[in-house]
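# Coordinate analysis (summary)
Chain by chain, the residues:
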Amino acid sequence: MTTVERGRTAMMRTGLSKPLSIALADDLLTPDTSVFDYGCGRGGDVLRLKTLGYDASGWDPNHAADLPRKEADVVNLGYVVNVIEDPHERVSVLHSAWSLARRALIVAARPDWEARYVQGRSHGDGIITTKGTFQKFFKQDELRAWIDNYLTVRSIAAAPGVFYVFREDSTSHTFLANRVRNRRAYRRVEIDESLLETQRSALQPLVDFVAERGRVPDVTEIPNSDELKNTFPTVKHAIAVIRQTIPNDTWARAQEAARRDLTVYLALTAFGGRTKFTNLPEDIQFDVKALYDSYRAACESADQLLFSLADQAALNKACSSAAFGKLTPEALYVHVSAINRLDPVLRVYEGCGRALTGTVDGATLVKLNRVEPKVSYLNYPEFDRDPHPALNTSLRADLRRLHVKYTDFGSSQNPPILHRKETFVADDYPRRDTFARLTSQEERASLLDDARAIGTQERWKARLDQAGLRLAGHRLVRARPAE
Ligand SMILES: C[S@@+](CC[C@H](N)C(=O)[O-])C[C@H]1O[C@@H](n2cnc3c(N)ncnc32)[C@H](O)[C@@H]1O
């Protein structure tokens, strides 16, 4: 009989675990959120959350069995189900954790691609490791199906190996809408210079709201600000000033951008059947009313995006007419910072990939395949520093098979590398000019004439050697002659 050492799976960490860091980044945890860590191991996460000011507690059958199991707004079931060898017990732990979650449950398990780094012998649907612990590695789609099936929910992929389950539909809608809206700090609305400095400062939060949502806030959405109250007689007065001082064309641009966000969000949330208008979060109802004539009109626009998604030729066309990104016969490659500036069709395409993978930590480029419905997240850790950075990992979402594949190039002696880095980014990307200057130099030296001959680190080095050139940062210089 095999004895499984479950307690030994708990490790000492130096920072918050991945699922909780992601939840923090995703605003799932805000200062008033209570958190319960189900299967908390040695309690490192609980301690760190408490240090950050959260009402956090935890329980673990092997390390903190005397503590109570408590309800909380957010319950974390982090890397617990993968250490349980009995599939029935796994399900019952999932149910227990869910029963304690008032607002959301986070479920994290080790993804299948980590199996290659762990030695052990086969046991049930997993392995017994050399430490005597059990590990079941989940495929991304398998983990989702398992959660959804046993909890009768539609979970949301937060990241590879991490899923959120929301108690209320409207909370998951708010989360998804934020995910569509984020990454667009570039949008700015200027306040009229003629206003007094005190007025401008008091109005700034409202102006930021207009920049993000393309509409003025409802009175219920205005932050409780003493500065605003002391500067304007009423909130309505402040809103009226905003309306008058933002120029028409700025309004129109903010509205158009917000309308695109809303349409992309409505397209991405249509798969499980469209939500009734009154079930949408109130702020999104305000968006619909301000940006479209009706909910029906908004949904029709979203449906048009979805039709293009089912049509590979339309996707291909959208890729080939993108204003930026590197276009090859196979795909359009875009830096992650610029995804939300793509055409809405391509944003929905990328969003479908992300619905499978969740947000991929460390992704540098997104590859939108023009030939087959596949979206890949490529990690180039040295993208900014290295003039020709090497590919480290790739995570590919296959939208037809609903499958996610991970490839690790980290130990490759001859990884694929990038050229013409400026093509991947938008105009205002820091150091874009430096990237472009290097490309011009390399073009003048005829180094880029045959793209296939320079695609890997070794080939590129050979090409430079042959031309008697080398790189000094982002500059091409003569190689020193051999002594
Ligand atoms: C890999 S550790 C993860 C600990 C912690 N959540 C983290 O992410 O650092 C797995 C933990 O699951 C706990 N565990 C094992 N069986 C459990 C069960 N039936 N219910 C709750 N926790 C369990 C183990 O004691 C162990 O501390």
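The structure presented is a predicted model; accordingly, all values stated were derived computationally and were not measured.

As a further point, take the site of the ligand. Around the ligand, the surrounding shell holds 20 residues, and the nearest of these are Arg13, Gly39, Asp60, Asn62 and Gly78. Glycine 39 places a polar main-chain atom, nitrogen or oxygen, 2.8 Å from a nitrogen atom of the ligand. For the ligand, whose accessible area on its own is 590 Å², the fraction buried by protein is 94%. The residue inventory of the shell around the ligand, partitioned by class, reads ten nonpolar, six polar and four charged.

Let's shift gears to the pattern of salt bridges. Scanning the entire structure with this criterion turns up 25 salt bridges. A salt bridge links glutamate 256 to arginine 259; the nearest nitrogen and oxygen atoms lie 2.8 Å apart. One end of the pair is glutamate 256 and the other is arginine 259, both in helix 9 (residues 248-268) and three residues apart, which spans about a single turn. Classification of glutamate 256 as partly exposed rests on a relative accessible area of 34%. The salt bridge partner of glutamate 382 is arginine 385, with a shortest N-O separation of 2.7 Å. Taken together, the shared-partner salt bridges connect Arg181, Arg213, Arg215, Glu221, Asp283 and Asp287 into one network.

In this section: the packing of helix 9 against helix 10 (residues 282-291). Two elements in contact, helix 9 and helix 10, have axes whose closest approach is 10 Å; the angle formed by their N-to-C orientations is 125°. Comparing the axis directions of helix 9 and helix 10 gives the class oblique. The chirality of how helix 9 crosses helix 10 is left-handed. Residue-level inspection shows Gln255, Ala258, Arg259, Leu262 and Tyr265 of helix 9 in contact with helix 10, the latter providing Ile284, Asp287, Val288 and Leu291. Per-class residue counts for the contact of helix 9 with helix 10 are six nonpolar, one polar and two charged.

A separate point is the nonpolar core. In terms of nonpolar packing, the biggest core is built from 50 residues, with Leu262, Tyr265, Leu346, Val348, Tyr349 and Leu368 touching the most fellow members. Top contributing element to this core by residue count: helix 11 (residues 295-309), with seven residues. Built from parts of two domains, this core gets at least three residues from each of domain 2 (169-309) and domain 3 (312-421). Those residues in contact with tyrosine 265 that lie beyond four places of it in its chain are His173, Leu176, Ala177, Val180, Leu280 and Ile284.

Attention shifts here to the sheet that holds strand 5 (residues 120-123). One open sheet accounts for three strands, arranged 5-6-7; its pairing is antiparallel. The outermost strands of the open sheet, each flanked by one partner alone, are strand 5 and strand 7 (134-135). Here strand 6 (residues 126-129) pairs with strand 7 via two bridges, running antiparallel. Of the residues in strand 7, the one forming a bridge with isoleucine 127 is glutamine 135.

As defined by bridge partners, strand 5 adjoins strand 6 across four bridges and the pair is classed as antiparallel. Looking at the pairing, arginine 121 lines up with isoleucine 128 of strand 6. Hairpin geometry of strand 5 and strand 6 is characterised by an intervening segment of two residues between the two adjacent antiparallel strands and by a positive phi of about 55° at glycine 124.

It is worth spelling out helix 5 (residues 169-181) at this point. The first and last C-alpha atoms of helix 5 sit 18 Å apart over 13 residues, in line with the 18 Å expected at 1.5 Å per residue. Looking at helix 5, one finds that the buried residues are Ser172, His173, Phe175, Ala177, Arg179, Val180 and Arg181. Buried residues along helix 5 sit in contact with strand 8 (156-159), strand 9 (162-166), helix 6 (197-213), helix 9, helix 10 and helix 13 (344-357).

Further remarks concern the side chain of threonine 33. Within the secondary structure layout, threonine 33 lies in the loop between helix 1 (18-25) and strand 1 (34-38). Note on threonine 33: relative accessible area 1%, which makes it buried. In contact with threonine 33, other than residues within four places in its own chain, are Leu28, Tyr54, Asp55, Asp73, Val74 and Arg103.

With that settled, the discussion passes to the domain arrangement of the protein chain. Often the size quoted for an interface is simply the accessible area lost on bringing the parts together. The domains assigned to the protein chain are domain 1 (6-167), domain 2 (169-309), domain 3 (312-421) and domain 4 (430-478). On a C-alpha basis, the centres of domain 1 and domain 3 stand 29 Å from each other. With eleven residues of domain 1 at the contact, the number on the domain 3 side is 13 residues. Between domain 1 and domain 3 lies a buried interface of about 930 Å² when both sides are counted; carbon and sulfur atoms form 50% of it.

Per the stated rule, a full pass over the model turns up 13 aromatic pairs. Here phenylalanine 138 and tryptophan 146 contribute two aromatic rings whose centre-to-centre distance is 5.8 Å and whose plane-to-plane angle is 50°, an arrangement assigned as tilted. The residues phenylalanine 138 and tryptophan 146 share a single accessibility class, namely buried. Aromatic pair tyrosine 429 and phenylalanine 435: ring centres 6.2 Å apart, planes at 40°, arrangement tilted. When sorted by exposure, tyrosine 429 lands in the same class as phenylalanine 435, which is buried. Above the ring of tryptophan 98, the side-chain terminus of arginine 167 is found at 3.7 Å from the ring centroid. Across the ring face of phenylalanine 435, the terminal group of lysine 421 is positioned such that the distance to the ring centre comes to 4.0 Å.

What counts, and at which threshold
- Residues numbered from 1 in each chain as written.
- Predicted model: local features only at pLDDT ≥ 70, side-chain atom pairs only at ≥ 80, totals over all residues.
- Heavy atoms only, no water.
- Near = heavy atom within 4 Å.
- Polar contact = N/O pair within 3.5 Å; in protein donor to acceptor, adjacent residues only side chain to side chain.
- Areas by Shrake-Rupley, 256 points an atom, 1.4 Å probe, with all protein chains shown as cover.
- Nonpolar A, V, L, I, M, F, W, Y, C, P; charged D, E, K, R; others polar.
- Salt bridge = Lys/Arg side-chain N within 4 Å of Asp/Glu carboxyl O.
- Helix = DSSP H or I, 4+ residues; strand = E, 2+ residues; numbered from the N terminus.
- Buried < 20%, exposed > 50% of the residue type's maximum accessible area, 1.4 Å probe, protein only.
- Axes fitted to C-alpha atoms, helices over the stretch in contact; angles between N-to-C directions.
- Parallel < 35°, antiparallel > 145°, perpendicular 65-115°, else oblique.
- Left-handed = near helix turned anticlockwise from the far one by under 90°.
- Contact = heavy atoms within 4.5 Å.
- Core = buried A, V, L, I, M, F, W, Y, C linked by side-chain atoms within 4.5 Å.
- Domains from an automatic or database assignment.
- Pairing = 2+ DSSP bridges.
- Expected span 1.5 Å × (residues − 1).
- Buried area = accessible area lost by both parts, 1.4 Å probe.
- Phe/Tyr/Trp six-rings, centres within 6.5 Å; stacked < 30°, edge-to-face > 60°.
- Lys NZ or Arg CZ within 6 Å of the ring centre and 35° of its normal.

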